[in-house]
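Inside the fold
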Amino acid sequence: MTQKSAIGFFMQARRFGLSQAYIRNCEDEWTSSIINLPGLVMSSFSTELYLKCLNFIHHGILVKGHDLNVLFKQLPKASRDLISKRWDTYVPNIEPLLIKFEKSSGDKLPRDLASHFELGAKAFPNLRYPGEFDGQTFFLADMPRLLDEHIVSIKPEWKDIWPVAVVAGENIPKK
């Protein structure tokens, strides 16, 4: 995988992350109830692509697989710690959702990122097919945004690279 390919993974992750954010901002309750699950699939896939991109940035190799927990654990500890700090700042935003889930399910949910990666480890394969997602817990819907911010902090030259430009073959930074 080359630097250009790493940017391709970043752009594809951004595409799915932005699409998922667009879906989540749907204000029509009926439409939202229909498109929410595909939005979670996009979020989990975007998260997978961002984690693969980060692993390439740190290790220079493309890691395989869909397990978000494995992909996260393959990152250097320093990177995991920085992403976890972003998560800790973000958690208050979803606290009402976590509490609502806890009340309806009777299950206590963790608040730390490592535990949420364990809970949502197989979200991408499990959320795609009917019957596969029974019991799947996934509260990482905004993880693509947090990972995008983290990658841009490492690669600030990627901040203004957008998917449309890559399709046209423009704005790809040189090595």
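Cut-offs and rules
- Residues numbered from 1 in each chain as written.
- Predicted model: local features only at pLDDT ≥ 70, side-chain atom pairs only at ≥ 80, totals over all residues.
- Heavy atoms only, no water.
- Helix = DSSP H or I, 4+ residues; strand = E, 2+ residues; numbered from the N terminus.
- Phe/Tyr/Trp six-rings, centres within 6.5 Å; stacked < 30°, edge-to-face > 60°.
- Buried < 20%, exposed > 50% of the residue type's maximum accessible area, 1.4 Å probe, protein only.
- Expected span 1.5 Å × (residues − 1).
- Bend = angle between axes of the 7 residues up to and from the residue.
- 1 Å grid on protein atoms, 1.4 Å probe; cavity = no way out; pocket = protein on both sides within 12 Å on 5 of 7 lines; lining within 4 Å.
- Points joined across faces, edges and corners; volume = space filled by probe spheres on them.
- Nonpolar A, V, L, I, M, F, W, Y, C, P; charged D, E, K, R; others polar.

With respect to the helices, strands and loops of the structure, Leu62 is situated in the loop between α2 (29–59) and α3 (68–73). The spacing of Leu62 and Lys52 is 10 residues in sequence and 6.5 Å in space, taken between C-alpha atoms.

The final tally for this structure, using the stated rule, is 6 aromatic pairs. When the centroid spacing of 5.9 Å and the interplanar angle of 70 degrees are considered together, the rings of Phe10 and Tyr50 count as edge-to-face. Here Phe10 is found in helix α1 (residues 3–24), whereas its partner Tyr50 is found in helix α2, with 40 residues between them in sequence. Since its relative accessible area comes to 2%, Tyr50 is described here as buried. Here Phe72 and Phe117 contribute two aromatic rings whose centre-to-centre distance is 4.4 Å and whose plane-to-plane angle is 20 degrees, an arrangement assigned as stacked. Taken together, the positions of Phe72 in helix α3 and Phe117 in helix α5 (residues 113–119) put the pair 45 residues apart, joining distant regions of the chain. Take Phe72: its relative accessible area is 4%, and that puts it in the buried class. Through pairs of rings, three or more aromatic residues link up here, namely Phe10, Tyr50 and Trp158.

Given a rise of 1.5 Å per residue, 31 residues ought to cover 45 Å, and the 43 Å separating the end C-alpha atoms of α2 matches this to within 8%. Helix geometry: α2 is bent most strongly at Ile35, by close to 45 degrees, with proline Pro38 lying one to four residues after it. Directly after α2, the chain includes Gly60, whose backbone phi takes a positive value near 75 degrees.

With that out of the way, let us pick up the layout of surface pockets. When its volume is computed, the largest pocket comes out at roughly 670 Å³. Lining the largest pocket are 20 residues, and of these Asn36, Leu40, Leu97, Phe138 and Phe139 lie nearest its centre. Considering each element in turn, the lining of the largest pocket owes the most residues, 6 residues, to helix α4 (residues 77–105). Grouping the amino acids of the lining of the largest pocket by side-chain chemistry returns 12 nonpolar, 6 polar and 2 charged. The element contributing the most residues to the lining of the second largest pocket is α1, with 5 residues. Here the lining of the second largest pocket is composed, by residue class, of 6 nonpolar, 2 polar and 5 charged.

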